[in-house]
Amino acid sequence: MVIISENKRAKYKGYGKTQYRYAMTYVVITFIVLLILNIYCSITCQQLFYQSKREAMIEKCLLVSDEIATLDVLNNTSISTVVGQMESLKVTRLIVTDQSAKVLYDSNNEAMGHYSLFPEILTAIDGNDVCSWKYRDGATDTCVATPIVYYGTIVGSVYMSEYETAQGAMIQSLQKTVLQITLLLEIVVTVFSIAFANTFSRRLKRIMTSMRIIQEGDYTHKVSMGGNDELTVLGNEFNDLTERLQTSEQKRSRFVSDASHELKTPLASIKLLSDSILQYDMDIETVREFVGDIGDEADRLNRMTAKLLSLTKAEGVSNEESEIIMMAPTINRVARMLRPYALKAQITFLLELEEDCPILILEDDLYQIVFNLIENGIKYNQPGGSLTVHLSREEDNAVLKVMDTGMGIPEEAIGHVFERFYRVDKARSRATGGSGLGLAIVRTIVQRNRGEIHVSSTAGKGTTFTVVFPAFDTEVDGE
Amino acid sequence: MKQTFCLILIFCLLLSGCSIGGERIKEPVTFYYINKDYRNDMEQVIVSEIREASGHRDDLDYLLALYSMGPANEELRSPLPRNTKIISMHSEDDSIALNLSASVLEMSDAEFTLASACISLTCMELTGVQQITVTCGDRTITIQKDHLMLYSQFPQNSEEVTK
């Protein structure tokens, strides 16, 4: 059950519009396409009817004009006789004019002696066969006109018009059918568009719901998308991201828990010691001892805080300012620093360093790596044991090995030694002032500088830490 | 913002729409000319054009001289050849007789009928006369308003229809 706050509800109020936008886009596009097809069909249909009508009408008109052209005298009587003989004309109106557009014959007997200035007649008198066609209100009106040619001279024109509702009705019926099909298709498209948009948005909604669940803190939640498209990929990516977030969150929680525990222990010791001093009557020697212990715990706290800061810094710093340095001088410097400490612990310190090992790294980083590893090698060694630092060039890598003859690391602990606050032997670690952060810092710095670190150990015989960095050859890599 | 912009745009368009057509015609007169493209579009051959009489509403001589200058609309053309002049005009009762210059003789019979129809319709519109006689040399045509068929019409009576 996901509880969405009012603010979020308001934030996501308009998201449902996407699905309508998708649906409407499809509907509008198909509507436009269908409308264009509809208009095209309608025009094509009219054109087809017009073509067939034009042929037939002009043929009829030419027949009449040819017959009239045989007459010696053009007047109403002679033309009436000719037209009367042609029974199959079946036109709405037939007009015959002379060359001045004066009506000589009108089948409707309305325009005798009038001047007929129809565009068809005037065009025919100019010597052209002409046809015009209009479709309106479910009826067609076809007008044709042809010249009457008498021995090469135009002496008049024949005009015919045919007003027809049957053909008009057929066109209207066809247009109606096409329109019905169009509407039906549009309805189908609308329904499918809405269904598709719903399906699409349902899957998006699933991802959004999962996001909210994760925002509420349930990192174990996984989104299940199904299918095999971009949304599926998005769902999988989202799940991967959630897993990483979960891991990160777990690490953070553990770190906070470990850090607080580690810091709490010296603080508790300080508190206990100071309370003891205050509550009991002690001789000066005991007080001095207790105060010394308080000082040791404070030092431990100080070291731990410094290491935590160092670790945070190591994680945050970029390696853009790296420089090419030889490893051997830095290792020598660390060795000089820690040799007295090794002598004090009765440990033989051996250095086997190959000089030609340049790498790209910040010198402080390298110093810290070497210092931590050697310091660990001394701390966790045994009196009379030895610590060997070996540096060599192996193909394109610089390999640093720090080998001690200490008590070794148990097999089950090897995988955890680089974790923060992990200690193999807690009692000993505390006794030697270890914070459990040294190796974590080393690994972070090594990885940040494109290196690798490995550990191998045999219980009772010793441990070897191997650090591998890509060697930087100025002649090759510098280019 | 968008709404304001739309309102301003609509207002501007309305204002520009008000000024379309230029200045208002105070004394309109109707002239008839020929549709240039009637052979292509098969639309009405004779088309009217409204012009400004400028205080000469009743001066037929002036108006016919103005008519002879041709139409303002580029889609129309004058029915008369260039340099055609109205030599004389005689008005009697309900008719007018016009005598045109010899350039009209170059026209075909149909063109002469068309030109006479245009002039007649213009004169009838201006004066209200019912008959116009146009003469040029031995060519004469008498036109009455009811005797001109300018366009075919759909039959109103269904019995006329051929099925």
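Residues numbered from 1 in each chain as written. Chains lettered and ligands numbered in written order. Predicted model: local features only at pLDDT ≥ 70, side-chain atom pairs only at ≥ 80, totals over all residues. Heavy atoms only, no water.

(A) Structural detail: the interface of chain B and chain A. Between chain B and chain A, the residue contacts involve 27 residues of the former and 32 residues of the latter. Carbon and sulfur atoms supply 65% of the area that chain B and chain A bury against each other, a total of about 2600 Å² over both sides. The partner of D126 of chain A in a salt bridge is R39 of chain B, with the nearest N and O atoms 2.0 Å apart. In this assembly, chain B and chain A are joined by 7 residue pairs in polar contact (both at pLDDT 80 or more). Of all elements in the fold, only α2 (38–41), α4 (109–127), β7 (139–144) and β8 (148–149) of chain B reach the threshold of two or more residues within the side of chain B that touches chain A. By residue number, the principal contributor to the side of chain B that touches chain A is α4 of chain B, which donates 5 residues. The residue inventory of the side of chain B that touches chain A, partitioned by class, reads 16 nonpolar, 5 polar and 6 charged. Across 2 bridges, the pairing between strand β3 (residues 115–116) of chain A and β8 of chain B is parallel. (Contact = heavy atoms within 4.5 Å. Buried area = accessible area lost by both parts, 1.4 Å probe. Salt bridge = Lys/Arg side-chain N within 4 Å of Asp/Glu carboxyl O. Polar contact = N/O pair within 3.5 Å; in protein donor to acceptor, adjacent residues only side chain to side chain. Helix = DSSP H or I, 4+ residues; strand = E, 2+ residues; numbered from the N terminus. Nonpolar A, V, L, I, M, F, W, Y, C, P; charged D, E, K, R; others polar. Pairing = 2+ DSSP bridges.)

(B) Fine view of the side chain of T113 of chain B. Summarising the element assignment, T113 of chain B is placed in helix α4. Excluding its chain neighbours within four sequence positions, the residues that come into contact with T113 of chain B are S100, Y115 and L117 of chain A together with I141 and I143 of chain B.

(C) The arrangement of the sheet that holds strand β1 (residues 28–35) of chain B in detail. Residues and elements named next belong to chain B. One open sheet accounts for 3 strands, arranged β2-β1-β3; its pairing is antiparallel. Across the chains shown, the open sheet's two edge strands, defined by having one partner strand only, are β2 (46–52) and β3 (76–77). Note: β1 against β2, 7 bridges, orientation antiparallel. The residue bridging T30 from the neighbouring strand is I50, located in β2. Each of β1 and β2 touches helix α3 (residues 60–68); the most contacted strand, β1, lies at about 35 degrees to it. Sitting on the sheet, α4 touches β1 and β2, and the angle it makes with β1 is about 170 degrees. (Axes fitted to C-alpha atoms, helices over the stretch in contact; angles between N-to-C directions.)

(D) Layout of the packing of helix α9 (residues 363–379) of chain A against helix α12 (residues 438–448) of chain A. Residue and element names in this part refer to chain A. Relative orientation of the contacting elements α9 and α12 amounts to 145 degrees, with a least axis distance of 9 Å. Crossing handedness for the pair α9 and α12: left-handed. Between α9 and α12, the contacting residues are D365, Q368, I369, N372, L373 and N376 on the first element and G438, L439, I441, V442, I445, V446 and R448 on the second. Here the contact of α9 with α12 is composed, by residue class, of 7 nonpolar, 4 polar and 2 charged. (Left-handed = near helix turned anticlockwise from the far one by under 90°.)

(E) Main features of the packing of α3 of chain B against α4 of chain B. Residue and element names in this part refer to chain B. Two numbers describe how α3 lies on α4: the axes approach to 11 Å, and their chain directions differ by 145 degrees. The two elements α3 and α4 meet at a crossing, and its hand is right-handed. Counted together, L60, L63, L64 and Y67 of α3 and C118, I119, T122, C123, L126 and T127 of α4 form the full contact between these two elements. For the contact of α3 with α4, a count of residues per class yields 8 nonpolar, 2 polar and no charged.

(F) The sheet that holds strand β4 (residues 86–92) of chain B, seen in detail. All names here are of chain B. Spatially, the 4 strands line up as an open sheet ordered β4-β5-β6-β7, and their pairing is mixed. Among the strands making up the open sheet, the edge pair consists of β4 and β7. Between one strand axis and the next, the sheet turns by 15 degrees as a mean value, whatever way the strands run. Lying on the sheet, α3 is in contact with β4 and β5 (95–100); it crosses β4 at an angle near 140 degrees.

(G) Layout of the side chain of Q175 of chain A. All names here are of chain A. Relative to the assigned elements, Q175 resides in helix α5 (residues 166–215). A polar contact is formed between the side chain of Q175 and the side chain of S42, at a distance of 2.5 Å. Those residues within four positions of Q175 in sequence are excluded, and the remaining contacts are S42, Q46 and Y135.

(H) Inspection of the nonpolar core at higher detail. Core analysis: the largest hydrophobic core is formed by 57 residues, its most contacted members being L117 and L122 of chain A together with F31, I46, L114, I132 and L148 of chain B. Top element by residues in this core is α4 of chain B. It accounts for 11 residues. When neighbours within four sequence positions are excluded, L148 of chain B is seen to be in contact with Y115 and L117 of chain A together with A117, L121 and I143 of chain B. Judged by nonpolar contacts, the second largest core, of 47 residues, contains L387, V442, I445 and I453 of chain A. (Core = buried A, V, L, I, M, F, W, Y, C linked by side-chain atoms within 4.5 Å. Buried < 20%, exposed > 50% of the residue type's maximum accessible area, 1.4 Å probe, protein only.)

(I) Quick look at unusual backbone geometry. The phi dihedral of E395 of chain A is positive, around 55 degrees, even though this residue is not glycine. We classify E395 of chain A as exposed; its relative accessible area is 74%. In this model, N83 of chain B sits at a positive phi of 65 degrees, which is unusual for a non-glycine residue. Note on placement: N83 of chain B falls in the loop between β3 and β4. Judged by its relative accessible area of 69%, N83 of chain B falls in the exposed class.

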